[in-house]
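# Residue-level structural notes
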Amino acid sequence: MRTNDPLSQIRMQVMWNRLLAIVEEQAQTLIRSSFSTTVREAGDLSAGIFDPKGRMLAQAVPGTPGHVNSMATAVPHFLAEYPIETMSPGDSYLTNDPWLTSGHLHDITVVTPAFHEGKVAALFAATIHVVDIGGRGLGADGRQIYEEGLFLPIMPLARKGEMNQDLLKILKANNREPVQVEGDLFSCAAAGEEGARRLVDMMKEFQIATLDDLASHIIDNSRAAMMRAIQRLPRGTFKNSMTLDGYEAPVTVAATMTICDDGIHVDYAGSSPPSPYGINVVLNYTAAYTCFGARCAIAPDVPNNYGSMSTITVSAPTDCILNVQKPRLSRPATSWGI
């Protein structure tokens, strides 16, 4: 039960710091056990812990903002497909659906439940950029998502500790680097298991059965800190636009930012329509980098989690270059300079 007692607040802060250490160990386990240079050396990954409602509580330091912030919105999609009550110890799930996770098929998100006293206490998620997913590979020449490579809907990577061998066979059969990609998926599962083990140790140490109170503490305090920073800004609506080289034609990115008492909203109405080439961006990735940029400018010291991110909302017209729809090919914004 939450309380304003100073000792209780200190206890909550200590557990919050432990969560940060746990996700850092999750990320380091992934890096050290990975097979590919993209994960092991470039750190093209993200790692984080989520409560059973799918709200991100903490993220690891390694990783890109696009991976982290799009992963933060991906876990509820996993829970919609595989509800908490259907999960078992040893399970892991994955997808590379660009409209649910990190923007293109090369990025695979793996979610692993952590069990304590027979119930799911939390979920660990990691996103990695695999070296190959088949298809054309990286580049803007593709015209549809089907050309980019193997599309994996949300499905089990492992069930009760047994890897989905049928999935792995399909993945390896459609891959130029089957050993590296398969190895990195095993690393994601191992990292989730290590995070779960460390979390259970912490919960036993602090004698807590759930993370409910800690989750509320993290989310409420982070949102409040972010709102205090926003309240120092002038109210109003501000507009700007920029034109980039594009591919077959120049690309205009137009943004309207509204600062109000409830937070910040950024709308991209006026941006260019989608390109027939692979330089488009899905909305979840647009939102990920918008939130990152705004938070860096306004309150860089506030931890990045569901609470702080909830103060910034993003919209874009359906099927513009920043909210591309299937089957057009998407590319993360960093691929072409946004």
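Our structure's up above, just so we're on the same page.
Residues numbered from 1 in each chain as written. Predicted model: local features only at pLDDT ≥ 70, side-chain atom pairs only at ≥ 80, totals over all residues. Heavy atoms only, no water.

### Notes on the overall build of the protein
Looking only at helices and strands, one finds eight helices and 11 strands in the protein. Computed over the C-alpha atoms, the radius of gyration of the protein is 20 Å, within 12% of the 20 Å expected from 2.2 N^0.38 for a compact globule of 338 residues. Along the longest, intermediate and shortest principal axes, the C-alpha atoms of the protein span 60 × 55 × 35 Å. Buried positions account for 54% of the 338 residues belonging to the protein. (Helix = DSSP H or I, 4+ residues; strand = E, 2+ residues; numbered from the N terminus. Rg over C-alpha atoms; globule rule 2.2 N^0.38 Å. Buried < 20%, exposed > 50% of the residue type's maximum accessible area, 1.4 Å probe, protein only.)

### Some details on the side chain of Ser46
Checked against the element boundaries, Ser46 lands in strand 1 (residues 45-50). In contact with Ser46, not counting residues within four places along its chain, are Pro62, His67, Val68, Met71, Ala125, Ala126 and Thr127. (Contact = heavy atoms within 4.5 Å.)

### Observations regarding the environment of Thr210
Among the secondary structure elements, Thr210 is positioned in the loop between helix 5 (178-206) and helix 6 (212-231). Judged by relative accessible area, Thr210 falls into the partly exposed class, the value being 42%. Engagement of the side chain of Thr210 in a polar contact is seen with the backbone nitrogen of Asp212, the distance being 3.3 Å. (Polar contact = N/O pair within 3.5 Å; in protein donor to acceptor, adjacent residues only side chain to side chain.)

### Points about the packing of aromatic side chains
Scanning the model with the defined rule gives four aromatic pairs in all. For the pair Tyr285 and Tyr289, a centre-to-centre distance of 5.5 Å together with 50° between the ring planes defines the contact as tilted. Here Tyr285 and its partner Tyr289 are both found in helix 7 (residues 283-298), four residues apart, which amounts to about one turn of the helix. What makes Tyr285 buried here is its relative accessible area of 3%. Where Tyr289 meets Phe292, the ring centres are 6.2 Å apart and the plane angle is 85°; that geometry is what we call edge-to-face. Of this pair, Tyr289 and Phe292 both sit in helix 7, three residues apart, roughly one helical turn. Three or more aromatic residues link up through ring pairs in this structure, and these residues are Tyr285, Tyr289 and Phe292. Positioned over the ring face of Tyr306 is Arg55, at 5.9 Å from the centre of the ring. The ring centre of Tyr277 lies 4.0 Å from the NZ or CZ of Arg143, which sits over that ring. (Phe/Tyr/Trp six-rings, centres within 6.5 Å; stacked < 30°, edge-to-face > 60°. Lys NZ or Arg CZ within 6 Å of the ring centre and 35° of its normal.)

### Points about unusual backbone geometry
Here the residue pair Lys326 and Pro327 is connected by a cis peptide bond, since its omega of 5° sits within 30 degrees of zero. Assignment of secondary structure puts Pro327 in the segment after strand 11 (312-315).

### Topic: the side chain of Asp97
As for its position among the elements, Asp97 is in the loop between strand 3 (92-95) and strand 4 (107-116). When neighbours within four sequence positions are excluded, Asp97 is seen to be in contact with Phe151, Leu152 and Lys326.

### Here we look at the sheet that holds strand 3
Across the sheet, which stays open at both edges, the seven strands sit in the order 2-1-5-4-3-6-7 with antiparallel pairing between neighbours. A single partner strand is all that each edge strand has here, and the edge strands are strand 2 (56-59) and strand 7 (162-163). Where strand 1 lies against strand 5 (residues 119-129), six bridges are found, and the strand directions are antiparallel. Within the sheet, the bridge partner assigned to Leu45 lies in strand 5 and is Ile128. (Pairing = 2+ DSSP bridges.)

### Some thoughts on the pairing of strand 3
Side chains Ser92 and Leu94 project from strand 3 onto one buried face, and the interleaved Tyr93 and Thr95 project onto a second face that is buried too. Bridge analysis of strand 3 against strand 4 gives three bridges, and the strand direction is antiparallel. The residue bridging Tyr93 from the neighbouring strand is Val111, located in strand 4.

### Regarding the environment of Met227
Tracing the chain through its elements places Met227 in helix 6. The buried category is assigned to Met227, whose relative accessible area is 10%. Sequence separation between Met227 and Gly48 is 179 residues; the distance between their C-alpha atoms is 23 Å. When near neighbours in sequence (up to four residues on either side) are disregarded, Met227 contacts Asp261, Asp262, Gly263 and Thr311.

### Quick word on the sheet that holds strand 9 (residues 251-260)
The strand order across the open sheet built from four strands is 8-9-10-11, with neighbouring strands paired in mixed fashion. For this open sheet the edge positions go to strand 8 (236-244) and strand 11, each flanked by a neighbour on one side alone. Looking at each pair of strands side by side, their axes are set apart by 20° on average, direction ignored. In the sheet, strand 10 (residues 263-267) pairs with strand 11 via four bridges, with the strands oriented parallel. The partner of Val266 across the bridge, within strand 11, is Val314. In the packing of helix 6 onto the sheet, the strands contacted are strand 9, strand 10 and strand 11, and the crossing angle to strand 10 comes to about 75°. Relative to the sheet, helix 7 contacts strand 10 and strand 11, its axis offset from that of strand 11 by approximately 140°. (Axes fitted to C-alpha atoms, helices over the stretch in contact; angles between N-to-C directions.)

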